[in-house]
Structures are given as C-alpha cells and as structure tokens.
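Inside the fold
Chain by chain, the residues:
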Amino acid sequence: MLKIDFHPTTVKKEKPEPSTLGFGKYFTDHMFIMEYNDQDGWHNARIEPFHYLTLHPAATVFHYGAEIFEGLKAYRTPDGTVQMFRPIENIRRMNNSAERLRLPQFSEEDGLQILDTFVRTEQDWVPSAPGTSLYLRPFLFGNDETLGVHSIHHAMFVLIASPVGSYYKEGINPVRIMIESEDVRAVRGGTGYTKCGGNYAASNRAGENAEKLGFSQVLWLDGVHRKYIEEVGAMNVMFRFGDEIATPALTGSILPGITRKSCIELLRADGWTVNERLISIDELEDSMKTGALTEAWGCGTAAVVSPIGELYYNGHSCIVGGGKIGEVTQKLYDTLTGIQWGRLPDVHGWIRKI
Ligand code: PLP
Ligand code: COI
C-alpha cells in the first residue's frame, strides 16, 4: 500500500455558487503529489494544501512536452454518498499514455488508492446541484532538469479537482460543430490515442478559428487521407444512420474514450447495432443530403452526451435532426447520467463508491 502523508490546509476556501461553476474555474482545498526517480520509483506521496508548483526552468515538460493527463468525475448521489465512474479505465489509459511517452507507470492498486483517498479528503467539494460533479484531473510529467533530449528519469504525478457544471455553454442543447479540412490533430503511429497535452496544443489553431465562426468545437478528419471522421476536440462522436449506430473505429489516432466505450455497451444492451468502423466525409455528406443521418452526438467525461445540431464542412452547413436532441441521444444521456449520479442501478459494475 502507498504511504500518503496528509498536510491539511488551515484556510478552507468558500465553495462557489453552483450556478457559476462552468468548467474548470474553481479548485478544491488540496492537491495530491508524488514524485518519481529511477532509484526510488514513486515516492513522497502526499496530500497538501492547493498551491502553485515550483519547477526548474529546464524541466523536460516545458521543452519537450512530456505530459499526459486524465479526466474523470466524482458524483453526489441522491442519498448524499459520493461515487466515481469506471476509474480503473482512467488508470489503465493513463498507463497506456505513459507507455507511449516513456513516462513512468504506476500500479492500478496505487492509482485507485490515490483517487479514493483524495476524493474522500475533498468530498465536501462534490456539488449536489443537478448536472454538477467534481472533475478530477490527474496529470503526470517529465521533470528532469537538463536540456538534452533524453529518456525520462524524474517525473511528477499531480491530482487536482474542480467542481464543475456543464462543459458547453449550451448544456444539453445541441452544439454546432465545424469539420476541419486543413489542420490535423494526430496520425497513426503518433500520440493520438494517448491523452497527452501536445494533442490539445496541436488542436488550438483550428479550435480558435472554429470558435470565431461561432462553432463549439472542431471535428477532425484523419491525418493521412483527410477523409475519415475521427473525433471532436474533447469528445468522441457517434452517428445514427437509420437503424445503425456508427462510431469511428479505434485506429490509433483517436482517444479510446471511456464514455464512448460505455455508450457502445449501453446501446448494444438496448438491442442497437453499433458499428465501430471507418466513416468517410463523403458518406457523412451523402447521409446528410438523403436524410439518412438522423442523429449525431459527442460523448466524453466533461461533455457527457452532447447532441450535435449542426455540422459545417467546406462552406456548407447541415442541420442534424432538426437541430434538436434525438431520441437515441436523449435515452443515452438519461441512462448514462442516471448511472453516474446514482439514480439508476449499477448493473454493469461501473461504479466505485467512496
Ligand atoms: N476525445 C478527446 C480528444 C478527449 O479529450 C476526450 C475527453 O477525455 C474524449 C475523446 C472522451 O474520452 P472520455 O470519455 O474517456 O472522457
Ligand atoms: C475530459 O472529458 O475529461 C477531457 O479531458 C476533455 C478536456 C480536454 C476538457
């Protein structure tokens, strides 16, 4: 078992008004930190008052981008208890990301202990207003104090938490998405399947352009053919073509979303045919013209299940599903959020109580 020291804060912050939460603006009283070096492995695990990090200016993370992160939530249930959704999946994905960037991994047991202990410490910060939760953001970065491009021998793992409301200002209302035809986010063999900071930095330019034009986020095409649908900035995507639900296959350049995996499992349990496959932009455009595309939505921890009401590509705009949330999207949203917030039974064994 990991030894976690606790240094409680002497000054507790005031909790924000639930209506002002938004996403990632407020932080709790404490943070978790542990350090790594080749000799000692992970060590010096502690929970301390939330504070700024002091790092050497040559630290690897600042120069060569050795940084990975995760995002998961703790939810307040109707009986007042606190629970997490599939945290083991986040731990496994973080280790996969670490493997790709050659950052140190940690045991699943330690990962769960860190999450449990930290959420228990900050449990008063888990909000209870509808649609709110405590967003947990673990991150891990290379911290060698030298400018040579080299393998990583020192690293730091930090966990912070932020009480959040909805990610998009639209809430559960449909978002407008722009399909990006110039910039690409990732290619196979690169880091697209990991949750590393660089993937998001590579997304900034297109995201900013889309935002200027009034779109919430960019939908990426694959980096080689610029033809196949990949994912949105902070969520995976799903489409309903008549009786088929289709979602881009995990080809290595998109993030294997935990919400995506959960949606696929829920839809299949409900009798839907769900295909993980290549979806070309031509197929998508045709399906918009013929009306075969009846629903589109994104899914992710922060975004939950978010209907897509408009898709814009190369100067053309298409309203999807009359710009309203569709029946499959709504059912998925209700079921998933029902399980996450403890209003529905956890028949899949996805919940970890604190
Ligand atoms: N794709 C990207 C690029 C993301 O940042 C996220 C959010 O984590 C997702 C997909 C959805 O993943 P998950 O459902 O695990 O949150
Ligand atoms: C999440 O859904 O947890 C994410 O990481 C999306 C994020 C980049 C805000």
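Residue positions within a chain follow its written sequence, with the count starting from 1. Chains carry letters from A onward and ligands carry numbers from 1 onward, assigned in written order. Only residues with pLDDT of at least 70 are given local features in this predicted model, and only at 80 or more are side-chain atom pairs given and counted; all residues enter the totals for whole chains, interfaces and linings. Side-chain measures here rest on the full set of heavy atoms in the structure, leaving out hydrogens and waters.

**A closer look at a nonpolar patch on the surface**
Here is the rule we go by: Each patch is built from residues lacking any salt bridge and having more than 30% relative accessible area; the joining distance is 9 Å for like charges and 5 Å for nonpolar side chains (Val, Leu, Ile, Met, Phe, Trp, Tyr). Methods summary: accessible areas were calculated by the Shrake-Rupley approach with a probe of 1.4 Å, and residue burial reflects only the protein chains presented. Any carboxyl oxygen of Asp or Glu within 4 Å of a side-chain nitrogen of Lys or Arg constitutes a salt bridge here. By the criteria applied, helices consist of DSSP H or I runs no shorter than four residues and strands consist of E runs no shorter than two, each listed in order from the N terminus. Under the scheme applied here, a residue whose accessible area is under 20% of the maximum for its type counts as buried, over 50% as exposed, and between as partly exposed, the area being computed with a 1.4 Å probe on protein chains only.
On the surface, Tyr 64, Leu 147 and Val 149 cluster together to form a nonpolar patch covering roughly 330 Å² of accessible area. In this fold, Val 149 is placed in the loop between β7 (133-142) and β8 (154-164). Look at Val 149 and you get exposed, because its relative accessible area is 72%.

**Considering the pairing of strand β9 (residues 175-179)**
Every regular strand shows the same layout, with side chains that alternate between the two sheet faces. Threshold: Pairing between strands is defined by DSSP: at least two bridges between them are needed.
Of all five residues that make up β9, four are buried, and the element is covered over most of its length. Here β9 pairs with strand β10 (residues 217-221) via three bridges, running parallel. Bridging across to β10, Ile 179 finds its partner in Leu 219.

**Quick look at the site of ligand 2**
To keep it simple, the criterion reads: Nearness is defined per residue: one heavy atom within 4 Å of the molecule or strand is enough. Distance and chemistry together define a polar contact, namely a pair of N or O atoms within 3.5 Å, with one atom able to donate a hydrogen and the other to accept it when in protein, and with adjacent residues in sequence counting only for side-chain atoms on both sides. Amino acids outside the nonpolar list (Ala, Val, Leu, Ile, Met, Phe, Trp, Tyr, Cys, Pro) and the charged list (Asp, Glu, Lys, Arg) are all regarded as polar, and Gly is one of them. Segmentation into domains, and thus their bounds, comes from an automatic or database assignment.
Neighbouring ligand 2 are the residues Phe 23, Phe 69, Gly 71, Tyr 135, Arg 137, Tyr 167, Lys 195, Tyr 200, Ala 234, Thr 301 and Ala 302. Measuring from an oxygen atom of ligand 2, one finds a side-chain N or O atom of Tyr 135 at 2.6 Å. Note that an oxygen atom of ligand 2 is positioned 2.7 Å from one of the side-chain N or O atoms of Lys 195. Here the shell around ligand 2 is composed, by residue class, of seven nonpolar, two polar and two charged. For the shell around ligand 2, the two domains that each supply at least three residues are domain 1 (5-165) and domain 2 (175-340).

**As for the domain arrangement of the protein chain**
Basically, it comes down to this: We call two residues in contact whenever any of their non-hydrogen atoms come within 4.5 Å of each other. A 1.4 Å probe defines the accessible area here, and the buried area is the portion of it lost by two parts on being joined, summed over both.
Per the domain assignment, the segments making up the protein chain are domain 1 (5-165) and domain 2 (175-340). In this structure, domain 1 and domain 2 have C-alpha centres spaced 27 Å apart. Contact residues are listed per partner, giving 20 residues for domain 1 and 22 residues for domain 2. Broken down residue by residue, the surface that domain 1 buries against domain 2 is led by Phe 85, Arg 93 and Arg 100, which jointly contribute 34%. Taken together, the connections running from domain 1 to domain 2 amount to two salt bridges. For the salt bridge of Lys 261 with Glu 89, the shortest nitrogen-to-oxygen distance reads 3.2 Å. Summed over the shared surface of domain 1 and domain 2, the number is 12 residue pairs in polar contact (both at pLDDT 80 or more).

**Let's talk about the pattern of salt bridges**
A full pass over the atoms with the stated rule returns 20 salt bridges. Notably, a salt bridge pairs Arg 86 with Glu 265, separated by 3.6 Å at the nearest N-O pair. A residue pair is termed long-range when its members are at least 10 positions apart, and Arg 86 in the loop between β6 (82-85) and α2 (87-101) and Glu 265 in helix α6 (residues 258-269) qualify at 179 residues. Note that Asp 116 and Arg 352 form a salt bridge whose closest N and O atoms lie 2.7 Å from each other. In this pair, Asp 116 sits in helix α3 (residues 108-121) while Arg 352 sits in strand β18 (residues 351-353), placing the two residues 236 residues apart along the sequence. In this structure, a network of salt bridges that share partners links the residues Arg 86, Glu 89, Lys 261 and Glu 265.

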